[in-house]
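# Tertiary structure, described
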Amino acid sequence: MKRAAILWRVASVLVAAGFIAAWQLIANLKLVSPVFLPGPDRAWAALVRGFSSGDLAGKLIGTLEHMAYGWFAASIAGIGLGALIGSSKMMRAYVAPSLEFLRPLPVSAIIPVAIAMLGLTQGMALFVIAFGAIWPIMLATIHGFAAVEPRLYEVARSLQMSRAAIIAKIALPSALPDILAGMRLSLTVALILSVVCEILAGLDGLGHWVLLSARAFRSADLFAGVILLGATGYVTSIAMSLLEQRLLAWQAAAR
Amino acid sequence: MSVVARLDEARAARRQKTLIAFNAATLRLGGKTIIENLDLQVRPGEFLCIVGASGCGKTTALRLAAGLYRPTSGAVTFDGEPITEPRREVAIVFQDYGKALLPWRTAAGNISLALEASRVPVRERGARIEALLRKVGLPGHADKYPTEMSGGMQQRLQIARCLAQEPSTLLMDEPFGALDAMTRQGLQDEVLSLTQASQTTVVFVTHDLDEAIYLGDRVIGLLPHPGRIGIELDVDLPRPRDQLATREHPEFLRLRRQLFDFIKATEH
Amino acid sequence: MSLDRTKPLLLPLALMLALELWARLTQLQSDSLAPPSAIFAALAAALADLSIPIATRDTLFATFAGLAIGSAIGLALGIALGVSRPLDRLMEVTVEAIRPIPSIALLPIALIALGFGYRMEIVIVAFACVWPMLIMTRSAVRSIEPRLMEVSRALRLSAPQRIAKVVIPAALPRIFVAFRLSAGIALIVAVTVEIAINPIGLGAGIMLAQQALRADLMLAYLVWIGAIGYALNMLLIVAQRRLFGRAALAGDHP
Ligand SMILES: Nc1ncnc2c1ncn2[C@@H]1O[C@H](COP(=O)(O)OP(=O)(O)O)[C@@H](O)[C@H]1O
Ligand SMILES: [Mg+2]
């Protein structure tokens with residue numbers, strides 16, 4: 001069973017390698033102009049060159065920083081506000097509908113407003129990223145708090161637990177699967193908004209790098225940046241999965 | 001006066017006292033009267049069983065005693081004080097054990113919740129948890145999650161969590177209703193041995209007449225719409241009870257017939 | 001009952017009233033804030049001079065074109081991977097390598113290949129729509145009652161017949177949920193591309209208003225974009241309810 005899984009994995013890697021080979025072939029035969037499409041060899045060379053000169057590493061760190069700060073701020077504020085709203089029936093009745101109304105709003109539309117308020121600055125970028133990333137987390141937290149099994153609140157009452165203990169020991173752990181799903185979604189939002197803000201405000205990061213490379217028609221550098229952005233998305237989502245597995249071990253036990 | 005006579009007298013005196021009292025208690029929920037003018041006394045140390053058709057208000061009466069509901073009029077008291085909130089010395093075992101346990105905590109963690117709530121110091125918890133797990137027949141299952149346990153084990157775990165509160169009174173709402181017959185009988189005997197030794201007062205709701213007579217010192221039958229007392233029987237069967245001997249006792253059969261006729265008569 | 005209906009409206013009304021009063025009392029002069037009355041006046045004017053309707057048409061055109069292309073590709077791939085377990089396993093690494101690329105990262109590539117305008121925006125929107133459609137269609141197809149697949153095999157349906165008569169109808173409610181989510185993503189990506197770089201549509205409109213320091217017009221665009229997002233979502237929810245009943249909506253909360 002286990003061996004079959006490994007063999008499938010190997011076959012799957014080979015298929016991916018086949019696609020890369022096809023890409024190389026298309027580039028070599030110049031089916032697409034090299035101005036637009038570098039081969040994987042040139043993209044890889046650009047990646048290595050970028051890292052050895054230190055330029056690309058700096059840009060990567062810049063993007064990771066934007067993403068991380070905005071996402072952390074959004075997580076803390078989103079869980080806090082979500083818990084506040086979700087744990088009170090009154091807040092849910094008055095506030096939650098407005099939030100649901102705002103849910104389908106394309107969050108990037110807040111960028112011009114943020115620019116008007118804060119200028120083309122780092123602060124503007126952090127505000128936009130945090131503002132965009134807070135919604136999935138906050139809404140998931142509200143939903144998670146509202147969906148706590150009522151019987152558990154009765155158990156808590158009959159144990160005379162304090163309000164703080166009920167939130168910490170009953171509501172938060174019960175809502176945790178929802179909260180983590182929201183945080184995962186926010187991670188993607190944070191990455192996208194980081195790139196957009198870097199493009200618009202010229203902040204140090206991969207977004208700026210790919211834009212400059214495109215303007216100068218340095219397609220190999222451009223692809224190196226895009227590959228790094230893909231890797232960033234991949235690695236952060238893997239990290240999130242590990243965190244989920246860790247924190248939700250009890251759910252795996254149910255299966 | 002002989003020692004035996006004096007003991008009998010003490011028992012008689014205790015019988016007169018009441019621990020939980022419903023005094024003309026009425027409860028309306030959502031414009032519907034669910035319990036009306038209920039008068040009911042629970043004596044300290046007794047095992048009281050409540051039976052009645054489904055929907056007649058058994059759970060609601062128990063929730064009043066637990067302080068999870070407040071009566072619309074009349075009073076429900078514990079030791080003479082009105083019950084307005086749940087109290088530590090009263091523990092409630094819910095029927096739906098699957099919903100009443102924290103799925104993200106292990107067996108030990110679930111018991112720990114009660115110890116945390118009564119501020120038991122961390123270093124004492126481990127030993128207490130282990131003792132409780134042994135008491136309910138779950139030694140060695142400390143690290144299992146509820147979802148990894150059978151229904152009977154989950155209900156044992158819930159009982160252990162209630163015992164961790166060190167309650168003087170245990171309220172049980174059809175605790176074995178969802179379990180198979182064998183598991184059920186085992187748990188009946190365990191609950192008896194756990195509570196008789198410590199003189200714990202038990203109010204036990206069930207719709208199983210045999211179970212009520214087998215366990216109880218007294219059985220009360222409720223009438224529906226709205227809930228009120230329809231019959232009250234003293235069970236003078238010798239203790240300790242025995243699954244075979246007790247159930248074949250002539251008195252058991254007589255009480256069973258009486259209770260059966262009562263329930264039959266209410267089903268119109 | 002009537003109070004329950006007004007409750008949700010109280011907060012936004014109170015906020016608007018507070019903003020209006022505060023703006024009037026302080027005689028607000030700001031590049032980023034404007035009283036609600038001015039915002040609605042600017043909205044009315046921009047609707048009347050057709051600048052917002054034209055921008056809306058541009059944005060929605062790119063949104064729907066990208067959505068159509070992207071979800072068609074996602075649907076086809078999702079069905080293929082859902083029906084054939086071996087194919088799914090073979091493509092796993094490839095899919096997992098491309099999926100995490102943020103759609104907006106393709107913007108510079110699309111820009112040099114296609115230049116400004118509809119085409120590059122449509123390509124990026126389509127790329128973004130492929131993934132939710134692929135992932136959700138795949139899992140919808142995979143969770144089709146196995147008995148149904150056995151029946152279709154017993155009836156000796158050909159593979160295309162099986163897909164057209166059993167797989168798609170059985171998975172359709174969940175595929176529609178995926179389509180609804182993709183539509184939301186399509187609009188978000190379209191507006192984002194316009195804000196970042198593409199000089200057409202609502203995104204460009206709001207950027208221009210900001211650069212002209214017209215806070216009222218900028219916020220009018222913001223309100224309008226929000227309304228479009230809300231309307232699109234509502235429309236699809238109503239369609240979903242009509243087509244598949246209430247049951248289809250259950251369980252698609254995040
Ligand atoms: N929260 C509530 N609101 C309205 N009616 C209720 C509520 N809880 C229970 N009831 C009604 O009260 C009656 C008694 O319920 P319950 O005490 O659960 O009965 P039992 O436990 O004897 O089956 C039932 O008819 C039930 O529908
Ligand atoms: Mg009941």
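Residues numbered from 1 in each chain as written. Chains lettered and ligands numbered in written order. Predicted model: local features only at pLDDT ≥ 70, side-chain atom pairs only at ≥ 80, totals over all residues. Heavy atoms only, no water.

## Here we look at the overall build of chain A
For chain A, the helix and strand inventory stands at twelve helices and zero strands. Here chain A, with 255 residues, has 50% of them falling under the buried criterion. Contacts in chain A between residues far apart in sequence, at least 24 positions, make up 71% of those at least 6 positions apart. When the accessible surface of chain A is summed, it comes to about 11700 Å², and 72% of that surface belongs to carbon and sulfur atoms. Treating the 19 positive side-chain charges of chain A as one cloud and the 11 negative ones as another, the clouds have centres 6 Å apart. (Helix = DSSP H or I, 4+ residues; strand = E, 2+ residues; numbered from the N terminus. Buried < 20%, exposed > 50% of the residue type's maximum accessible area, 1.4 Å probe, protein only. Contact = heavy atoms within 4.5 Å. Areas by Shrake-Rupley, 256 points an atom, 1.4 Å probe, with all protein chains shown as cover. Lys, Arg positive; Asp, Glu negative; His and termini not counted. Charge placed at Lys NZ, Arg CZ, Asp CG, Glu CD.)

## Examining the interface of chain B and chain A
Taken together, the 26 residues of chain B in the interface contact 18 residues of chain A. A combined buried area of about 2100 Å² lies between chain B and chain A, and 61% of that area is made up of carbon and sulfur atoms. Together, B:Pro86, B:Lys99 and B:Trp104 form the three largest contributors to the area buried by chain B at its contact with chain A, with a combined 27%. Taken together, chain B and chain A are joined by four salt bridges. Linking A:Arg151 and B:Asp96 is a salt bridge whose minimum nitrogen-to-oxygen distance equals 2.8 Å. The interface formed by chain B and chain A includes seven residue pairs in polar contact (both at pLDDT 80 or more). (Buried area = accessible area lost by both parts, 1.4 Å probe. Salt bridge = Lys/Arg side-chain N within 4 Å of Asp/Glu carboxyl O. Polar contact = N/O pair within 3.5 Å; in protein donor to acceptor, adjacent residues only side chain to side chain.)

## Let's talk about the packing of aromatic side chains
Throughout the structure, instances matching the rule amount to twelve aromatic pairs over all chains. Measuring from ring centre to ring centre gives 6.0 Å for A:Phe127 and A:Phe131, while their planes differ by 25°; the resulting arrangement is stacked. Here A:Phe131 and A:Phe127 lie together in helix 7 (residues 122-146), a separation of four residues that amounts to about one turn. Relative accessible area serves as the criterion here: at 33%, A:Phe127 is assigned to the partly exposed category. Exposure remark for A:Phe131: the relative accessible area of 23% places this residue in the partly exposed category. Taken together through their ring pairs, the aromatic side chains of A:Phe127, A:Phe131 and A:Trp135 make up a single cluster. Over the ring of B:Tyr69 we find B:Arg63, and its NZ or CZ is 4.6 Å from the ring centre. Stacked on the ring of B:Tyr214, the Lys or Arg B:Arg247 has its end atom at 4.7 Å from the ring centre. (Phe/Tyr/Trp six-rings, centres within 6.5 Å; stacked < 30°, edge-to-face > 60°. Lys NZ or Arg CZ within 6 Å of the ring centre and 35° of its normal.)

## Thoughts on the pairing of strand 9 (residues 218-223) of chain B
Residue and element names in this part refer to chain B. Across the six residues that make up strand 9, a large majority, six, are buried. Taking every second residue as pointing to the same face, both faces of strand 9 are buried, with Arg218, Ile220 and Leu222 on one and Val219, Gly221 and Leu223 on the other. Where strand 9 hands over to strand 10 (residues 228-234), the hairpin turn is made up of four residues, of which histidine 225 adopts a positive phi near 50°. (Pairing = 2+ DSSP bridges.)

## A look at the interface of chain A and chain C
Chain A puts 48 residues into the contact, and the matching count from chain C is 46 residues. The contact between chain A and chain C buries some 4400 Å² in all, and 79% of this surface belongs to carbon and sulfur atoms. Looking at the side of chain A facing chain C, the largest losses of area belong to A:Trp8, A:Tyr94 and A:Pro106, adding up to 13% of the total buried there. Where chain A packs against chain C, one counts one salt bridge.

## With respect to the pairing of strand 4 (residues 73-78) of chain B
Residues and elements named next belong to chain B. In this sheet, strand 4 lies alongside strand 1 (residues 20-29) in antiparallel orientation, the contact comprising five bridges. Note on strand 4: the bridge partner recorded for asparagine 23 is alanine 75. Strand direction decides the pairing type here: strand 4 and strand 5 (residues 81-82), joined by two bridges, are antiparallel. Across the sheet, residue phenylalanine 78 finds its bridge partner in strand 5, namely glutamate 81. In this structure, the hairpin formed by strand 4 and strand 5 is closed by a connection of two residues, where aspartate 79 is found at a positive phi of approximately 55°.

## Description of the domain arrangement of chain A
Taken domain by domain, chain A comprises domain 1 (1-31) and domain 2 (41-254). On a C-alpha basis, the centroid separation for the pair domain 1 of chain A and domain 2 of chain A is 32 Å. (Domains from an automatic or database assignment.)

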